[in-house]
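Observations on chain architecture
Each chain, letter by letter, is given below.
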Amino acid sequence: MTPGLLYLLASVACSVTVAVLLKLARRWQVDVRQAIAMNYLVAALLCWAVLRPDPGGLLAPRTPWMVLAALGVLLPSVFLAMAAAVRHAGIVRSDAAQRLSLFIPLLAAFLLFGEPPSGRKLAATALAAGALYCLLRRAAPAASSTVGGEAGGGRAAWAWPLAVWLGYGLIDILFKQVARAGTAFAGGLLLAFVLAGLLMLAYLLLRRVRCQPRHLAAGVALGLANFGNILTYIRAHQSLPEHPALVFASMNMGVITLGTLVGALAFREPLSRLNALGIALALAAIVLMAPW
């Protein structure tokens, strides 16, 4: 197996690990607020040590501070939404909603940035919309009261995955705007992590939350998995420069597939036939969307 494919497998595993850690947080009575705050400290340190952003470029005049400030707010907010989605709707639907968020930048390209739509992209978007509808529908009534042993019915079962879908889609758009402004990826990522961490720290201080070692330790694990997902995805693209479609499709399909297996087998998350159809439509949409 080539290094590129190994990086892809590692990226998929790290992405699903983040969801698993969030799933286990309630069972282990972990304060996700503290864990998410520590996660950004760990991610920022790893970003600085591994990606080595140019210090001079971080404070360049062209740095889009408003966009980075928006990222600083959105990143922890969406992370909290992901934790709530995993708790109420399960890993399967939460991971699928996160991966389907890639179609929001596509819509933005059509509606805001003047990119001409193609028949293939429109068909992929239609499939993604159908997938999202199927995924957000509640599980069958007999099984909808619990999701892996936790409350999973009601409005939260579809509202939080919807928030994840919207939030990650907006984050993707903002990172594209950072790239358009000429900010190096490593520098922009570091600044976003730092701002997100400072915001979470300010929130914890305002709420007078007493930090405890076990919550912070959970945050270290979360930060390692979170940054590991980003780093291995970058390395996969670098190792397979002539196969961007393979990296794109394999990453998104791999997360949905592995998330489905982990959620259904390890946590016994109930899925209706409509939810299963949504998974199939999501995979089809990603295949159709990939730039083959």
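For the structure, check the block above.
Quick summary incoming for the structure in this document. (Residues numbered from 1 in each chain as written. Predicted model: local features only at pLDDT ≥ 70, side-chain atom pairs only at ≥ 80, totals over all residues. Heavy atoms only, no water.)

This brings us to the overall build of the protein chain. Looking only at helices and strands, the protein chain has twelve helices and two strands in total. Listed by position from the N terminus, the elements making up the protein chain come as α-α-α-α-α-α-α-β-β-α-α-α-α-α. Whereas a compact globule of 292 residues would reach a radius of gyration of roughly 19 Å, the protein chain reaches 19 Å, a difference of no more than 12%. Its C-alpha atoms give the protein chain principal-axis dimensions of about 60 × 50 × 40 Å. When each of the 292 residues of the protein chain is scored for burial, the buried share is 51%. Sequence-distant contacts in the protein chain: of pairs separated by 6 or more residues, those separated by 24 or more amount to 88%. Accessible surface for the protein chain amounts to roughly 13900 Å². Of this, 68% is attributable to carbon and sulfur atoms. Within the protein chain, the 8 negative side-chain charges are centred at a point lying 9 Å from the centre of the 23 positive side-chain charges. (Helix = DSSP H or I, 4+ residues; strand = E, 2+ residues; numbered from the N terminus. Rg over C-alpha atoms; globule rule 2.2 N^0.38 Å. Buried < 20%, exposed > 50% of the residue type's maximum accessible area, 1.4 Å probe, protein only. Contact = heavy atoms within 4.5 Å. Areas by Shrake-Rupley, 256 points an atom, 1.4 Å probe, with all protein chains shown as cover. Lys, Arg positive; Asp, Glu negative; His and termini not counted. Charge placed at Lys NZ, Arg CZ, Asp CG, Glu CD.)

The next thing to look at is a nonpolar patch on the surface. Residues Met 1, Leu 5, Leu 6, Leu 9 and Leu 246 make up a contiguous nonpolar surface patch of roughly 480 Å² in combined accessible area. Among the elements that take part in the nonpolar patch, helix H1 (residues 3–27) stands out by supplying three residues, more than any other. Within the secondary structure, Leu 5 sits in helix H1. Residue Leu 5 is classed as partly exposed on the basis of its relative accessible area of 33%. (Patch = residues over 30% accessible without salt bridge, like charges linked within 9 Å, V, L, I, M, F, W, Y side chains within 5 Å. Salt bridge = Lys/Arg side-chain N within 4 Å of Asp/Glu carboxyl O.)

One way to put it is that H1 packs onto helix H5 (residues 91–100) with a least axis distance of 10 Å and a crossing angle of 135°. As the angle between them shows, H1 and H5 are arranged oblique. Both H1 and H5 take part in a crossing whose hand is right-handed. Where H1 approaches H5, its residues Ser 15, Val 16, Ala 19, Val 20 and Lys 23 are matched on the opposing element by Ile 91, Asp 95 and Arg 99. Residue composition of the contact of H1 with H5, grouped by class: four nonpolar, one polar and three charged. (Axes fitted to C-alpha atoms, helices over the stretch in contact; angles between N-to-C directions. Parallel < 35°, antiparallel > 145°, perpendicular 65-115°, else oblique. Left-handed = near helix turned anticlockwise from the far one by under 90°. Nonpolar A, V, L, I, M, F, W, Y, C, P; charged D, E, K, R; others polar.)

To continue, consider helix H12 (residues 273–289). The end-to-end C-alpha separation of H12 is 24 Å, in line with the 24 Å expected for 17 residues at 1.5 Å each. Looking at H12, one finds that the buried residues are Asn 275, Gly 278, Ile 279, Ala 282, Ala 285, Ile 286 and Met 289. In an axial view of H12, the angular spread of the buried residues amounts to 125°, which keeps them on one side of the axis. Contact partners of the buried residues in H12: H5, helix H6 (103–111), helix H7 (119–136) and helix H11 (244–266). (Expected span 1.5 Å × (residues − 1). Arc of directions from axis to C-beta.)

This part is about the nonpolar core. Counting 60 residues, the largest nonpolar core has Leu 51, Leu 71 and Phe 193 as its most contacted members. Elements with a contribution of two residues or more to this core: H1, helix H2 (32–51), helix H4 (65–89), helix H8 (156–180), helix H9 (185–206), helix H10 (213–239) and H11. In terms of residue count, H4 provides more of this core than any other element does, twelve residues in total. Those residues within four positions of Phe 193 in sequence are excluded, and the remaining contacts are Tyr 40, Ala 43, Ala 44, Cys 47, Phe 227 and Ile 230. In this structure, Leu 102, Phe 110, Phe 248 and Ala 249 belong to the second largest nonpolar core, which totals 28 residues. (Core = buried A, V, L, I, M, F, W, Y, C linked by side-chain atoms within 4.5 Å.)

Before going further, it helps to spend a moment on the packing of aromatic side chains. Inspection of every chain in the model, using the stated rule, returns two aromatic pairs. Ring geometry for Tyr 40 versus Phe 79: centroids 6.1 Å apart, planes at 85°, classification edge-to-face. With Tyr 40 in helix H2 and Phe 79 in helix H4, the pair connects residues that are 39 residues apart, well separated along the chain. For the pair shown, Tyr 40 and Phe 79 are each scored as buried. Each ring, one from Tyr 40 and one from Phe 193, has its centre 6.0 Å from the other, and the planes form 40°; the classification is tilted. Note that Tyr 40 is positioned in helix H2 and Phe 193 in helix H9, a separation of 153 residues in sequence. What makes Tyr 40 buried here is its relative accessible area of 3%. The class for Phe 193 is buried, based on a relative accessible area of 4%. (Phe/Tyr/Trp six-rings, centres within 6.5 Å; stacked < 30°, edge-to-face > 60°.)

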